[in-house]
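Observations on the model geometry
For reference, the chains in residue letters:
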Amino acid sequence: MRRIYLDHAATTPTRPEVVKVMLPFFADTFGNPSSIYSYGQEARAAIEEARIKVAELIGARNEEIIFTSGGTEADNFGLKGVTYANERKGNHIITTSIEHHAVLEVGKFLERRGLRITYLPMDKYGLVDPDDVRKAITDKTILISVMHANNEVGTIEPVEEIGEIAKEAGIYFHSDAVQTVGHIPVNVDKLKVDLLSISAHKLYGPKGVGALYVRKGTKLVSLMHGGEQEKRRRAGTENVPAIVGLGKAVELAGQEMDREIERLAGLRDKLIKGLGEKIDHIHLNGHPTRRLPNNVNVSVDFVEGESILLNLDLEGICASTGSACSSASLEPSHVLLALGLPPEQAHGSLRFTLGRENSEADVECVLEVLPGIVAKLRAMSPLLRTQK
Ligand code: PLP
């Protein structure tokens with residue numbers, strides 16, 4: 001059976017070009033980058049080349065890039081690092097209610113240690129109001145953290161405006177750009193961020209590697225102590241093959257970005273339109289225009305997103321749902337609830353995130369298969385019977 005992968009916000013396949021450049025660094029050029037002989041120095045040079053590529057893609061200086069084990073570590077590092085370094089200055093952080101758990105859980109952790117966190121509300125499209133950010137600032141605020149685009153509904157936040165507010169107030173500004181770097185233009189000066197999180201596996205690089213951009217002059221405490229790697233900011237022997245892979249992935253993403261934005265937005269809009277035409281009682285989640293080019297998130301009334309996913313899987317189609325019964329918890333997605341969706345609509349949500357390998361035929365296949373699945377499930381649905 002042909003498989004159609006439509007879950008690129010969860011992860012992406014590592015590109016063959018990326019795997020190819022990584023391979024020599026496992027067994028041939030295996031030296032420790034801290035060693036002074038040539039084996040080590042070749043590995044060191046490869047890391048520095050990757051650093052240049054990451055910096056170039058986001059308009060940063062090379063020394064402002066710190067390699068991490070992924071987006072989660074970058075978010076932890078940004079939030080905890082700034083908090084610990086600025087304990088004397090204040091104890092208040094502003095963030096949003098739709099951040100990834102890698103930010104929200106850090107918030108909870110810091111709250112247990114006495115910090116005050118403001119979680120800003122969202123409008124029905126998942127947009128934060130920059131004015132709310134301004135109003136939440138106090139003389140104790142040390143950090144603002146607002147994601148660049150949301151991983152579930154794809155809404156692109158007004159990061160530039162918030163960056164301006166943070167700059168005027170002299171407060172550090174972090175943005176989780178895990179879903180945007182390599183997909184839409186990201187420039188740290190334009191966005192006016194001091195810290196920005198990146199993850200390789202969302203942009204066709206390997207899993208377990210990412211980076212934190214840290215603007216020169218930002219006070220940050222390290223989370224890892226040990227050796228002097230990453231200019232003493234992140235101890236531990238570098239994951240050389242993964243870092244090299246991240247470098248290649250960002251290089252390719254930069255080259256193909258404009259073309260892919262246009263192509264994917266076309267597929268996205270075709271899918272949204274088609275779903276609206278072929279299925280009744282279906283609603284688009286997230287912003288109609290300020291959204292990632294590859295994101296389609298809908299709620300289908302009277303059915304469980306999970307049941308749809310299982311049926312799609314039988315047809316070879318991989319998608320995702322904000323109905324968290326698929327994970328360990330029974331709670332629906334915190335993002336959809338923050339947008340004001342009633343729990344039953346959040347449970348009926350479906351996310352399709354398109355990627356490089358997807359074509360018009362894939363979209364057509366979903367449009368052909370999904371209406372039948374929904375009709376079948378609705379025919380059995382107690383939710384629909386209650387409504388009638
Ligand atoms: N932030 C966002 C917005 C994400 O979508 C993800 C991954 O799902 C992460 C952070 C975590 O990144 P990683 O999987 O590299 O730890």
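Model, not experiment: these values are computed from the prediction.

1. A look at the nonpolar core
- Ile58, Ile65, Phe67, Ile144 and Leu196 are the most contacted members of the largest nonpolar core, which has 55 residues in total.
- Here this core takes 8 residues from helix α10 (residues 240–278), the largest share from any one element.
- Every residue in contact with leucine 196, bar those within four places of it in the chain, is listed here: Ile58, His174, Ser175, Ala177, Val181, Val186, Leu191, Ala211, Leu212 and Tyr213.
- Counting 28 residues, the second largest nonpolar core, distinct from the first, contains Leu6, Leu271, Val298 and Ala319.

2. Side note on the site of the ligand
- Taken together, 13 residues surround the ligand, and among them Gly71, Thr72, Asp176, Ser199 and Lys202 come closest.
- A distance of 3.2 Å separates an oxygen atom of the ligand from a polar atom in the side chain of histidine 100.
- Histidine 201 is positioned such that a nitrogen or oxygen atom in its side chain is 2.8 Å from an oxygen atom of the ligand.
- Its free accessible area being 390 Å², the ligand has 85% of it covered by the protein chains.
- With 3 residues, helix α4 (residues 71–85) is the largest single contributor of residues to the shell around the ligand.
- Of the residues belonging to the shell around the ligand, the class tally is 2 nonpolar, 8 polar and 3 charged.

3. Some remarks on the pairing of strand β10 (residues 295–300)
- Within β10, 6 of the 6 residues are buried, which leaves it mostly tucked inside the rest of the structure.
- A two-sided burial pattern is seen for β10, the buried positions comprising Asn295, Asn297 and Ser299 on one face and Val296, Val298 and Val300 on the other.
- One ladder, built from 3 bridges, connects strand β9 (residues 282–284) with β10; its direction is antiparallel. Residue pairing for β10: histidine 283 is matched across the bridge by serine 299.
- Sheet topology note: the β10/strand β12 (residues 349–353) ladder contains 5 bridges and is antiparallel. By the bridge assignment, valine 296 is partnered in β12 with phenylalanine 352.

Rules used in this analysis
- Residue positions are given per chain, counting from 1 as you read along its sequence in written order.
- Whole-chain, interface and lining totals are the exception, using all residues; otherwise, since this is a predicted model, local features are given only for residues with pLDDT of at least 70 and side-chain atom pairs are given and counted only at 80 or more.
- Calculation of side-chain values draws on the structure's entire complement of heavy atoms; hydrogens and water are dropped beforehand.
- We define a nonpolar core as any set of buried Ala, Val, Leu, Ile, Met, Phe, Trp, Tyr and Cys residues linked to one another through side-chain atoms lying within 4.5 Å.
- Buried residues are those whose accessible area, probed at 1.4 Å on protein chains only, stays under 20% of the maximum for their type, while exposed residues exceed 50% and partly exposed ones sit between those limits.
- To qualify as a helix, a DSSP run of H or I must reach at least 4 residues; to qualify as a strand, a run of E must reach at least 2; elements of each kind are numbered from the N terminus.
- Note on contacts: a residue pair is in contact if any heavy atoms of the two residues lie within 4.5 Å.
- Note on definitions. A residue lies near a molecule or strand when any single heavy atom of the residue is within 4 Å of it.
- We define a polar contact as two N or O atoms separated by no more than 3.5 Å, with the added condition that, inside protein, one atom must be a possible hydrogen donor and the other a possible acceptor, whereas residues neighbouring each other in sequence contribute only through side-chain atom pairs.
- For every accessible area listed, the method is Shrake-Rupley and the probe measures 1.4 Å; residues are considered covered only by the protein chains on display.
- Classification used: nonpolar for Ala, Val, Leu, Ile, Met, Phe, Trp, Tyr, Cys and Pro, charged for Asp, Glu, Lys and Arg, polar for all others including Gly.
- Note on pairing: two strands pair once DSSP finds at least 2 bridges between them.

Functional significance is not addressed by these values, which are geometric in nature.
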